[in-house]
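# Structural characterization, general
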Amino acid sequence: MSIIITPIIYLILILPLIYFGKKQSNTPKQYIIVFVLYVILDMFATALPIEFHYFDFVKLEMNWSGKIYSYILAATFLIFFKSIPLNQYGITTKQKEGSINFSVRTTIAFIFVMLAYCIFIESYKTSIENVIFQLLMPSVIEEIVYRGILLTLLSMVFVKNLKIGKINFGMGVIITSILFGLWHGLNITNDLDITMSWIPFIYTGLIGFVLALVKERTGSLLFPIVIHQIINILPQTMGHVL
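All residue numbers refer to position in the chain's written sequence, counted from 1. Local features in a predicted model are, by the rule used here, given only for residues with pLDDT of at least 70; side-chain atom pairs are given and counted only at 80 or more, and totals for whole chains, interfaces and linings are based on all residues. With hydrogens and water excluded, all non-hydrogen atoms of the structure serve as input to the side-chain values.

Bringing the pattern of salt bridges into the picture now. By definition here, a salt bridge exists when the distance from a side-chain nitrogen of Lys or Arg to a carboxyl oxygen of Asp or Glu is within 4 Å. In this structure the tally under the stated criterion is 3 salt bridges. For Lys 67, the salt bridge goes to Glu 142, with nearest N and O atoms at 3.0 Å. In this pair, Lys 67 sits in helix H3 (residues 64-80) while Glu 142 sits in helix H6 (residues 138-155), placing the two residues 75 residues apart along the sequence. The cut-offs for exposure are 20% and 50% of the maximum accessible area for each residue type, with area from a 1.4 Å probe on protein chains only; residues under the lower value are buried, those over the upper are exposed, and the others partly exposed. Judged by its relative accessible area of 8%, Lys 67 falls in the buried class. The exposure class assigned to Glu 142 is buried, which follows from its relative accessible area of 7%. The residue Glu 143 makes a salt bridge to Arg 147 at a minimum N-O spacing of 2.6 Å. On the criterion of helical spacing, the pair formed by Glu 143 and Arg 147 is a turn pair, its members being 4 residues apart in helix H6. There is no split in this pair, since Glu 143 and Arg 147 are both buried. Numbering goes from the N terminus for both helices and strands, where a helix is a DSSP run of H or I of at least four residues and a strand is a run of E of at least two.

Below, the structure written as structure tokens:
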């Protein structure tokens, strides 16, 4: 039950932002419909092996099967939904002119922040499986989904009327950041018990916001993926050093 209800509740929570966000004139409604459907399908695919173990064909500690399903969904979408070219999703290594320095500074800043987190707050000694999983799975596919597909779909809908420094962005950045935070912080059980873990929600929501800004500034998912890998891997490995 929760595998279906969870994404619907997430969408209900962000509905006011979708409704009141400043939209482009004559925006095709298909992009909002596709956005809603993709959110439901991706969350369903990712949670499928957790809810129903017979869909877990990898059968390791981490949710490899769910992330592989998410990869398959993303690849299928990018191949067949041709209304938007791949480079607009950020599926390119080419960076917008003048964005490299910003991306490098942001990446270095995250390295220092995560090192400080590991030194002064918490670090772990995790398994090799988890390190490889964090490197190849959530760090990559979550960027393709949230900062790539979902953000791009909403960028076709909303005016980029907001600005931080040299970065122009629209309501899509805020919506996908909140959605990213909800995915990590709001838990809904099969009995429909709802619990909110506020620290993960705020923490991942803010990270999602920064990564979305990096994608908007660079036009590429390259640096968001690298930063996401740093965030996921450093706390998991520094316990072996400290």
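So, on to the layout of surface pockets. Detection works on a 1 Å grid of protein atoms alone, calling trapped sets that fit a 1.4 Å probe cavities and calling open sets with protein on both sides within 12 Å along at least five of seven lines pockets, with lining residues defined by an atom within 4 Å of a point. Grid points are joined across faces, edges and corners, and a volume is the space filled by probe spheres set on the points. Of the pockets and cavities examined, the largest pocket occupies roughly 1,000 Å³. Counted as a void, the second largest pocket has a volume near 250 Å³. Lining the second largest pocket are 13 residues, and of these Asn 87, Gln 88, Lys 96, Lys 215 and Gly 219 lie nearest its centre. Of all the secondary structure elements, the ones that give two or more residues to the lining of the second largest pocket are H6 and helix H8 (198-218). With 3 residues, H8 is the single largest residue contributor to the lining of the second largest pocket. Here the lining of the second largest pocket is composed, by residue class, of no nonpolar, 8 polar and 5 charged. Each residue is assigned to one class: nonpolar for Ala, Val, Leu, Ile, Met, Phe, Trp, Tyr, Cys and Pro, charged for Asp, Glu, Lys and Arg, and polar for all the others, Gly among them.

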